[in-house]
Amino acid sequence: MIIGIRGMGLIGGSFEKAFRKAGHEVVNLKGAASAEIGRCNLVIVCLPPLMVAPWIVEHKDDFADGTLITDAAGVKGVVCPQVEPIAKAAKWTYVGGHPMAGKERSGYANADADLYRGASMIFTPFAFTPSAVVERLKAIFTEIGFARFVVTDPAHHDEMIAYTSQLAHVVSSAYVRDPLAAKHLGFSAGSFQDMTRVATVDPDIWTDLFLSNKSSLDMVLSRLIDRLGQYRDAIRSEDAAALKQLLIEGRAAKEATH
């Protein structure tokens, strides 16, 4: 296959290295001419979420008939609705995508051919997208190590990502800003490392991600703040029974996720 990639940061660069390792030809589509884009059997757009749809729309006439197009944007609500109108009449097929993999450090220098080994890939096809296309994409991405595939709609994707990824980054960033963080050496172990691991984010990228998914992130963040208030109130009032119950519920919730 000839695979075109637009955006050679950590994610795009890792796709490039992974597909080359799997024996495919990979084309960097930055500044590529129409003919070069038209050579590709699969195009993966790895630009920031707000730039994905405009790039696809701009090049809608450059894709060859039958080309598969996906992306790696962490928010689908700002991508899929913009692409859907032109995808309905196109002879190429777009399926929203989101690889659930990454590192604390961004950029091509940190790209890794094995980044996607054992990872999940989420697809958000339109209602009119043939199921065979999704199955074809699953087969292609299995070649570079993806082990699990989730097919859902853009709204549910954004709701879940707000909780499983974006909320964790907000909490980590807020947690490590405490004045005691600078004095942690000798007092910290695994818990501190786990809580602070994803605080070293790219501020530009994650600001766009948070604001692009404002509604979903606001909902899960508000619920977390309410729950934290319950623990604070129980501790302030020395209500041991209430505090114990909260801990029991937290442990049960964790066990239920296994």
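Everything discussed here concerns the structure shown above.
Residues numbered from 1 in each chain as written. Predicted model: local features only at pLDDT ≥ 70, side-chain atom pairs only at ≥ 80, totals over all residues. Heavy atoms only, no water.

(A) Looking closely at the overall build of the protein chain. Secondary structure assignment for the protein chain yields 10 helices and 8 strands. The C-alpha extent of the protein chain, read off along each of the three principal axes, is 70 × 40 × 30 Å. Here the protein chain holds 258 residues, and the buried ones make up 41% of them. When the accessible surface of the protein chain is split by element, carbon and sulfur atoms take 55% of a total near 14,000 Å². (Helix = DSSP H or I, 4+ residues; strand = E, 2+ residues; numbered from the N terminus. Buried < 20%, exposed > 50% of the residue type's maximum accessible area, 1.4 Å probe, protein only. Areas by Shrake-Rupley, 256 points an atom, 1.4 Å probe, with all protein chains shown as cover.)

(B) Structural detail: the sheet that holds strand E4 (residues 68-71). Taking strand neighbours across the sheet as the criterion, the 5 strands line up as E2-E1-E3-E4-E5 in an open arrangement whose pairing is parallel. Of all the strands in the sheet, just strand E2 (25-28) and strand E5 (93-94) have a single pairing partner and so form its edges. Pairing of strand E1 (residues 2-6) with E2, which is carried by 4 bridges, proceeds in the parallel orientation. Across the sheet, Ile5 pairs through a bridge with Asn28, a residue of E2. Here helix H1 (residues 10-21) sits on the sheet and contacts E1, E2 and strand E3 (42-45); the angle it forms with E1, its principal contact strand, is near 165°. Strands in contact with helix H3 (residues 49-58) are E1, E3, E4 and E5; relative to E3, the strand with the most contacts, it is inclined by about 145°. (Pairing = 2+ DSSP bridges. Contact = heavy atoms within 4.5 Å. Axes fitted to C-alpha atoms, helices over the stretch in contact; angles between N-to-C directions.)

(C) Structural detail: the environment of Gln82. When you line up the elements, Gln82 lands in helix H4 (residues 80-89). Between the C-alpha atoms of Gln82 and Pro54, which are 28 residues apart in sequence, the distance is 8.2 Å. Apart from the residues within four sequence positions on either side, Gln82 is in contact with Ala53, Pro54 and Val57. At a separation of 2.8 Å, a polar atom in the side chain of Gln82 contacts the main-chain carbonyl oxygen of Val78. (Polar contact = N/O pair within 3.5 Å; in protein donor to acceptor, adjacent residues only side chain to side chain.)

(D) Summary view of the environment of Thr67. Along the chain, the position of Thr67 falls in the loop between H3 and E4. Classification of Thr67 by relative accessible area gives buried; the value is 2%. Between the C-alpha atom of Thr67 and that of Tyr94, which follows or precedes it by 27 residues, the distance is 8.5 Å. Here Thr67 is in contact with Cys40, Asn41, Leu42, Val43, Trp92 and Thr93, once residues within four sequence places are set aside. Of note is the side chain of Thr67, whose polar atom sits 3.3 Å from the backbone oxygen of Cys40.

(E) Quick peek at helix H9 (residues 214-236). With 23 residues, H9 extends 32 Å between its outermost C-alpha atoms, agreeing within 8% with the 33 Å of an ideal straight helix rising 1.5 Å per residue. Among the residues of H9, Ser216, Leu217, Val220, Leu224, Gly229 and Ala234 are the ones counted as buried. Here the buried face of H9 lies against helix H6 (154-176), helix H8 (203-212) and helix H10 (240-256). Positive backbone phi, approximately 55°, marks Glu238, located one or two places after H9. (Expected span 1.5 Å × (residues − 1).)

(F) Region of interest: a nonpolar patch on the surface. On the surface, a nonpolar cluster with roughly 230 Å² of combined accessible area is contributed by Tyr175, Val176 and Met195. Mapped onto the elements of the fold, Val176 is located in helix H6. Here Val176 falls in the partly exposed class, since its relative accessible area comes to 31%. (Patch = residues over 30% accessible without salt bridge, like charges linked within 9 Å, V, L, I, M, F, W, Y side chains within 5 Å. Salt bridge = Lys/Arg side-chain N within 4 Å of Asp/Glu carboxyl O.)

(G) Highlighting the state of the cysteines. One pass over the structure, following the stated rule, counts 0 disulfides. With no disulfide partner, Cys40 has as its closest neighbouring cysteine sulfur the one in Cys46, 13 Å distant. The class of Cys40 is buried, set by a relative accessible area of 2%. Cys46 provides the cysteine sulfur closest to Cys80, a residue in no disulfide bond, and the two sulfurs are 15 Å apart. (Disulfide = S-S within 2.5 Å.)

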